[in-house]
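# Coordinate inspection notes
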Amino acid sequence: MDRRTDVVEDLMSRFPHIPKEAVIKEDLLRGGVAFDGSMLTDGEDGEVKPKSYFIFSFDHRTLPELGEAALRRPPEEIILTGGPYDLRRTVVSVRVNPSSPYKISADSEGRAKLYLDGREIADVGLPPMPEYYRHALRNGKSVMEVAPTIQWGYLIYLTVFRVCQYFGAKEECQYCDINHNWRQHKAAGRPYTGVKPVQEVLEALAIIDKHDTLGTSKAYTLTGGSVTSKVDGLAEADFYGRYAKAIEERFPGRWIGKVVAQALPKADVQRFYDYGVRIYHPNYEVWDKRLFELHCPGKERYVGREEWHRRILDSAEIFGPRNVIPNFVAGIEMAAPTGFPTPEQAVDSTGEGLEYFMSRGILPRFTTWCPEPTTPLGQMNPEGAPLEYHIRLLDRYRAVMDANGLLPPPGYGPPGAGNAVFSVSSFMDTLPADLEIPEETPAVV
């Protein structure tokens, strides 16, 4: 198949039960999108919400290689609708790739459109600049730098530690560019705070709370690099937990509190809960034992795969299985030279992990792998995993979830094509929109 359109439409026809919206979204997430200069933003002075680079680069080129997109940021996310596939409202995280067959540019009337192989396939909605982004902290820092929002404003993403203590080739996860992303933003002279002071986070949240009059923001995520020693004199649970404690004391019940951290011992996990966190993401990254050891050498060295999984199960005793939602990076199972050679084999392996956790009431979620160019796996696999892998994964994910009688996870907004706001994979778009979902887990009051 010479045209990308042929690949996409072939998969749409072979997997008709997977929403067409999810097929397009996964292809954009795995392979990126190019932007005409007219579709780039004017930064924090413009009308379109710019990309915040909230933790990873999620780009297929380094900043110096992005050209104009490095000076005038692309939008944080886009919404796709209409076109020849009659797409329902689909929120997609922006991953820039100047070589992508997908391109966003203006039509003859100045309207933003998505083109594939030169053919218009969707209307593009650009995120409006939120009012809270227009108000700076007292020290001059922007809300976008301290507390950016993603998922069309649903989630406040608090990367309070911008680097990772798994450092160097023998410790860094082989698909992760958190440390390089820190370096490239600092080299470009952009503000990119390494450790965000608690009071700055509270001040930024106060601005959001005041100006988010519609209550669009529903959750916050505390995250950052792994802590193997200490930061600010604190081990990981207390370092991240202090932010949750301060937030819940200042804004009781305003947002659902989530934390992305390592799989920690049970006593540390209990402290997360006691600090006010209500959803725990101890990400297991990849299921296969051999690939975990190769792709996550620091996590294997400090914790180990089997212990990591045991801690995930232990954490369900504290948070409840429904509120333990470990992420995996969908696609690295196929990364050359060590990955599975076919989509079927890769999805069979990942499906074992889904069954292992879902049969215990724990519902993993996933981020679609973006092969960032400064990572070892990105350098060796610039095209990422094939689209067929991602579509087969969506199919398997839904099947295992249904077989275990699980509902969509809390803290991710509504499910269903046309409703979902989770922007870095299509798992929520693929779930039924008409399920009766229990109320989302509240923060501590």
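The structure under discussion appears in the preceding block.
Now for a description of the structure that goes with this document.

About the thresholds
Residues numbered from 1 in each chain as written. Predicted model: local features only at pLDDT ≥ 70, side-chain atom pairs only at ≥ 80, totals over all residues. Heavy atoms only, no water. Helix = DSSP H or I, 4+ residues; strand = E, 2+ residues; numbered from the N terminus. Rg over C-alpha atoms; globule rule 2.2 N^0.38 Å. Buried < 20%, exposed > 50% of the residue type's maximum accessible area, 1.4 Å probe, protein only. Contact = heavy atoms within 4.5 Å. Areas by Shrake-Rupley, 256 points an atom, 1.4 Å probe, with all protein chains shown as cover. Lys, Arg positive; Asp, Glu negative; His and termini not counted. Charge placed at Lys NZ, Arg CZ, Asp CG, Glu CD. Pairing = 2+ DSSP bridges. Axes fitted to C-alpha atoms, helices over the stretch in contact; angles between N-to-C directions. Salt bridge = Lys/Arg side-chain N within 4 Å of Asp/Glu carboxyl O. Phe/Tyr/Trp six-rings, centres within 6.5 Å; stacked < 30°, edge-to-face > 60°.

Further remarks concern the overall build of the protein chain. From N to C terminus, the protein chain includes 15 helices and 13 strands. Expected size for 445 residues packed as a compact globule is a radius of gyration near 22 Å; at 20 Å, the protein chain falls within 12% of this value. Along the first, second and third principal axes, the C-alpha atoms of the protein chain reach 55 × 50 × 45 Å. Counting the 445 residues in the protein chain, one finds 62% classified as buried. Here the analysis covers contacts within the protein chain between residues at least 6 apart in sequence; of these, 74% occur between residues at least 24 apart. Carbon and sulfur atoms make up 50% of the accessible area of the protein chain, which amounts to about 16,400 Å² in all. The centroid of the 51 positive side-chain charges in the protein chain is displaced by 4 Å from the centroid of its 62 negative side-chain charges.

Now for the pairing of strand 6 (residues 119-125). Consecutive side chains along a regular strand alternate between the two faces of the sheet. In this structure, strand 2 (residues 77-82) lies alongside strand 6, joined through three bridges in antiparallel fashion. Bridging across to strand 6, Thr 81 finds its partner in Asp 123. In this sheet, strand 6 lies alongside strand 5 (residues 112-116) in antiparallel orientation, the contact comprising four bridges. Bridge pairing links Lys 113 to Asp 123 in strand 6. Count of turn residues in the strand 5/strand 6 antiparallel hairpin: two residues, of which Asp 117 carries a positive phi of about 55 degrees.

A few words now on the sheet that holds strand 5. Pairing is mixed in the open sheet, where six strands are placed in the order 1-4-5-6-2-3. The open sheet has two edge strands, strand 1 (34-35) and strand 3 (87-93), and neither has a second partner. Judged from the five bridges that link them, strand 4 (residues 102-106) and strand 5 form a sheet pairing that is antiparallel. Across the sheet, residue Tyr 102 finds its bridge partner in strand 5, namely Leu 116. Strands in contact with helix 1 (residues 4-14) are strand 4, strand 5 and strand 6; relative to strand 5, the strand with the most contacts, it is inclined by about 90 degrees. Helix-sheet contacts for helix 2 (residues 20-31) involve strand 2, strand 3, strand 4, strand 5 and strand 6, and the interaxial angle to strand 3 is about 20 degrees.

All right, on to the pattern of salt bridges then. Pairing between side chains becomes possible if they bear opposite charge and their charged atoms approach one another. For the coordinates displayed, the defined rule picks out 38 salt bridges. Two residues, Glu 9 and Arg 119, come together in a salt bridge whose shortest N-O distance is 3.5 Å. Taken together, the residues span a long stretch of sequence, with Glu 9 in helix 1 and Arg 119 in strand 6 at a distance of 110 residues. Its relative accessible area of 31% is what places Glu 9 among the partly exposed residues. The closest approach of N and O atoms between Asp 429 and Lys 25, which form a salt bridge, is 2.8 Å. Here Lys 25 lies in helix 2 and Asp 429 lies in helix 15 (residues 427-430), a separation of 404 residues in the sequence. The pair formed by Asp 429 and Lys 25 is uniform in burial state, with each residue classed as buried. Counted as one network, the salt bridges with shared partners bring together Asp 10, Arg 14, Glu 344, Glu 388 and Arg 392.

Turning to the environment of Pro 197, a few remarks are in order. Residue position: Pro 197 is located in the loop between helix 5 (178-187) and helix 6 (198-211). In the structure, Pro 197 is positioned 199 residues away from Arg 396 in sequence and 42 Å away in space, judged by C-alpha atoms.

Quick look at the packing of aromatic side chains now. The geometry of an aromatic ring pair is captured by two quantities: the separation of the ring centres and the angle between the planes. Tallying each qualifying case throughout the model produces 27 aromatic pairs. Centroid distance Trp 287 to Phe 357: 6.0 Å. Interplanar angle 85 degrees. Geometry classified as edge-to-face. In this pair, Trp 287 is assigned in the loop between strand 11 (279-281) and helix 9 (289-295) and Phe 357 in helix 12 (residues 343-358), connecting sequence segments 70 residues apart. Aromatic pair Phe 366 and Tyr 397: ring centres 5.6 Å apart, planes at 75 degrees, arrangement edge-to-face. Taken together, the residues Phe 366 in strand 13 (residues 365-368) and Tyr 397 in helix 14 (residues 387-403) connect sequence positions 31 residues apart. With relative accessibility at 1%, the residue Phe 366 sits in the buried group. By relative accessible area, Tyr 397 is classed as buried at 1%.

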